[in-house]
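Observations on the model geometry
Here's the letter readout for the chains.
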Amino acid sequence: MTTAVATPRATIGSSDASRKRRRRTSLRAWLYAAPATAVLILLFVIPLGLAVWMSLHDWPLLGDAPTLNFPANYAEIPDERLFTAAVGFTVKYTAIIAVVLLTLSLGLALLIQESKRRGTGVLRTVFFLPVVTGLTTAALLFLGLLSPSAGPVDDILAWFGISVDFLGDPTWALISTVVMMTWRFAGFYMIILLAGLQAIPTELYEAAAIDGANKWRALRSVTIPLLRSTLALCTVLIVTGGLVAFEQFYVLTRGGPDNSTVTMVMTIFRQAFSQFNLGMAAAMSVVVLLGLVLLNMLQLRLMRDKDEVA
Amino acid sequence: MTATWTPTPDSTTPARLPLSIPTTARAARSGAGRRALRIAGVVLVVVLVIFFVGPIFWVVWGSIRNDGALSGANYARLVTYGEGLGTYLANTGVVVLLTVVGSLVVSVLAGYAFARLAFPGSKALFVGILAILMVPHTSLLIPLYIWLDRLSLGNSLVGVSLVMIMYQMPFSVFMMRNAFESVPPELEEAALMDGCSPFGALRRVVLPAVAPGTITVALFAFLASWNEFVTPLILLSDGNKYTLPLALVNLVQGDWGMIDFGALQAGIIISAAPCIALFFFLQRAFVNGFTNGAVKG
């Protein structure tokens with residue numbers, strides 16, 4: 001009886017102490033998390049809010065104070081020919097780069113997967129090396145490589161009697177950029193796909209071989225299905241990266257020839273720093289941002305569903 | 001040679017032989033086919049190797065040649081280009097140093113809090129940090145341009161570094177949280193029993209255990225800030241504050257049609273060399289960082 005009465009009292013007392021201890025722990029935790037929180041709020045949350053706020057205003061880069069003009073910035077976006085053309089071009093570029101990069105990186109990953117084979121370590125390094133050079137550095141490197149006056153590519157093609165205007169022709173400017181991006185990023189996706197490949201149990205391949213499957217069949221029926229979530233992740237990364245493409249075109253093609261390689265992000269910066277219309281640029285940013293967030297959510301949902309089925 | 005194949009007496013799989021008796025013609029065809037396939041494979045690998053390392057060899061070779069002779073003239077011209085290579089390297093160095101140190105401070109402390117201390121609001125904070133991944137960085141740059149100016153950090157290397165620390169946070173905090181989670185709490189408890197203060201235990205016992213994580217965070221912060229182009233392009237307006245990538249792109253845009261390709265090649269080498277050197281020193285950290293951050297993030 002007495003113990004039955006005493007026990008709750010004891011727990012009340014100890015819970016009081018533990019609550020105090022918990023409060024002290026959470027205070028210490030927030031102290032540790034304070035720098036991250038400060039960076040998050042000051043450099044992410046506030047600028048994000050400011051982007052939305054700016055998009056509702058006529059916000060000149062210089063001179064007059066901002067004035068509310070919602071929904072003019074948004075309503076005028078469809079009339080911006082350069083922007084609507086840029087949306088089409090960016091989507092086209094993203095589709096091309098996704099197919100090219102996924103195919104080549106998967107091929108490279110399969111090539112270097114069998115570590116028993118001699119030279120795979122060297123090959124892995126060779127394919128990965130461009131990944132460590134910066135994107136701008138890589139774009140400048142290809143600018144030199146493809147330039148008719150300085151680069152070797154023109155001279156090599158001349159031996160075969162071929163002459164290509166790599167950066168001066170709209171189609172070739174796009175192809176050149178895709179080749180440069182493939183050079184820069186194939187090794188990156190190769191490493192991610194390699195990690196996925198190595199997670200597939202070898203017994204499955206043995207079982208497939210016993211069932212009489214050749215290499216091609218094993219790739220189609222074992223590798224690809226089991227690699228689906230890794231492939232989906234790579235697709236998300238490539239698509240997201242493609243839709244916000246900027247540096248590769250800014251450096252390599254400068255949006256040319258004839259504005260044929262202007263991307264969405266490029267028009268945003270032109271709107272801000274050449275047309276001096278920050279409100280409109282912010283509205284375009286918000287549109288791109290919402291589009292990407294929706295796309296990301298859709299892709300993540302699809303990935304999760306597939307994982308559950310698998 | 002006879003037209004039919006006769007099993008050798010020491011054949012190890014007699015039971016399956018009838019199914020796979022090849023005719024001479026078929027054997028020859030598959031032998032030649034296999035050889036052709038192998039040659040095609042070798043050619044393919046050679047082409048791939050040339051594609052991936054050829055550009056690097058070309059730029060190294062080009063940077064040390066001038067008028068057909070080996071010389072350091074390209075580098076010499078680059079040194080005196082614009083505000084001077086020294087200025088650009090110093091600016092880049094400031095951004096890199098602040099970004100690496102800042103990323104480490106932010107992620108070690110926050111990573112520890114997330115891994116070890118259950119605190120109210122931790123989930124919201126973690127989701128907030130991961131949300132940085134969902135938002136294209138370029139959409140933040142225009143408001144950041146205005147906002148940093150309000151904070152008197154406009155057109156400054158500190159402002160660029162702070163933005164870089166923010167970009168790196170999803171990766172760096174995630175990396176450090178995982179690193180701390182992989183250290184058994186008993187290790188720390190033992191240190192506390194032995195008389196360490198909580199902070200002392202963190203510094204003396206836990207930090208050494210998470211060293212691989214901190215190396216990866218530092219490495220990725222270095223690479224990102226050393227190579228970043230768009231952020232300084234938007235946030236910096238004075239030529240004497242330009243970082244190396246910005247100065248190199250300017251070198252190209254300076255006189256249209258009159259690009260100094262020799263100096264550009266030298267610049268490419270200078271901007272790629274530290275990254276390639278680090279890669280060879282820290283291969284494991286590179287690969288772990290890419291696969292960890294990617295597969296889980």
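These numbers come from a predicted model, not from an experiment.

Our next topic: the overall build of chain A. On a plain count of helices and strands, chain A comes out with 13 helices and two strands. Referenced to the eigenvectors of the C-alpha coordinate spread, the extents of chain A come out at roughly 105 × 75 × 35 Å. Put simply, chain A has 310 residues, and 46% of those count as buried. Carbon and sulfur atoms make up 65% of the accessible area of chain A, which totals about 15,700 Å². Computed over 24 positive and 19 negative side-chain charges, the separation of the two mean positions in chain A equals 18 Å.

Right, let's get into the pattern of salt bridges. Residue and element names in this part refer to chain B. Overall, the coordinates contain three salt bridges over all chains when judged by the stated rule. Arg-116 serves as the salt-bridge partner of Glu-188, at 2.8 Å between the closest nitrogen and oxygen. With Glu-188 in helix H7 (residues 185–193) and Arg-116 in helix H3 (residues 85–116), the pair connects residues that are 72 residues apart, well separated along the chain. The residue Lys-241 makes a salt bridge to Asp-238 at a minimum N-O spacing of 3.9 Å. Residue classification places Lys-241 among the partly exposed positions, given a relative accessible area of 27%. For Asp-238, a relative accessible area of 33% gives the class partly exposed.

Next up on the list: the interface of chain B and chain A. Across the contact, 75 residues belong to chain B and 78 residues belong to chain A. Taken together, both faces of the contact between chain B and chain A bury some 6,900 Å²; the carbon and sulfur share is 85%. Taken together, the links from chain B to chain A amount to five residue pairs in polar contact (both at pLDDT 80 or more). Per-element accounting of the side of chain B that touches chain A gives the leading share, eleven residues, to helix H5 (residues 137–150) of chain B.

In this model, chain B carries an average pLDDT of 86, and 87% of its residues clear a pLDDT of 70 or more. Model confidence for the complex: the whole-complex pTM is 0.87, and ipTM, which rates the interface, is 0.88.

On to unusual backbone geometry, then. Residue and element names in this part refer to chain A. A cis amide bond links Phe-70 with the next residue in sequence, Pro-71, at an omega value of 5°. Within the element layout of this structure, Pro-71 appears in the loop between strand S2 (67–68) and helix H2 (72–76). Residue Pro-257 is reached from Gly-256 by a cis peptide bond, and omega for that bond is -10°. By the element assignment, Pro-257 lies in the loop between helix H11 (247–252) and helix H12 (264–273). A positive phi angle is found at Asp-258, which is not glycine, with a value near 60°. Relative to the elements of secondary structure, Asp-258 occurs in the loop between H11 and H12. Even without being a glycine, Phe-276 presents a positive backbone phi close to 60°. Within the secondary structure layout, Phe-276 lies in the loop between H12 and helix H13 (278–309). Its relative accessible area of 40% is what places Phe-276 among the partly exposed residues.

On the surface, A:Lys20, A:Arg21, A:Arg23 and A:Arg24 cluster together to form a positively charged patch. With respect to the helices and strands, A:Arg24 occurs in helix H1 (residues 2–55).

With that settled, consider the nonpolar core. Of all hydrophobic cores here, the largest spans 181 residues; its most connected members are A:Tyr93, A:Phe127, A:Leu140, B:Met166, B:Met169 and B:Phe180. Here A:Tyr93 is in contact with A:Leu174, A:Val178, A:Met181, A:Gly242, A:Ala245, A:Gln248 and A:Phe249, once residues within four sequence places are set aside.

What counts, and where the lines are drawn
- Residues numbered from 1 in each chain as written.
- Chains lettered and ligands numbered in written order.
- Predicted model: local features only at pLDDT ≥ 70, side-chain atom pairs only at ≥ 80, totals over all residues.
- Heavy atoms only, no water.
- Helix = DSSP H or I, 4+ residues; strand = E, 2+ residues; numbered from the N terminus.
- Buried < 20%, exposed > 50% of the residue type's maximum accessible area, 1.4 Å probe, protein only.
- Areas by Shrake-Rupley, 256 points an atom, 1.4 Å probe, with all protein chains shown as cover.
- Lys, Arg positive; Asp, Glu negative; His and termini not counted.
- Charge placed at Lys NZ, Arg CZ, Asp CG, Glu CD.
- Salt bridge = Lys/Arg side-chain N within 4 Å of Asp/Glu carboxyl O.
- Contact = heavy atoms within 4.5 Å.
- Buried area = accessible area lost by both parts, 1.4 Å probe.
- Polar contact = N/O pair within 3.5 Å; in protein donor to acceptor, adjacent residues only side chain to side chain.
- pLDDT = per-residue confidence, 0-100.
- Patch = residues over 30% accessible without salt bridge, like charges linked within 9 Å, V, L, I, M, F, W, Y side chains within 5 Å.
- Core = buried A, V, L, I, M, F, W, Y, C linked by side-chain atoms within 4.5 Å.

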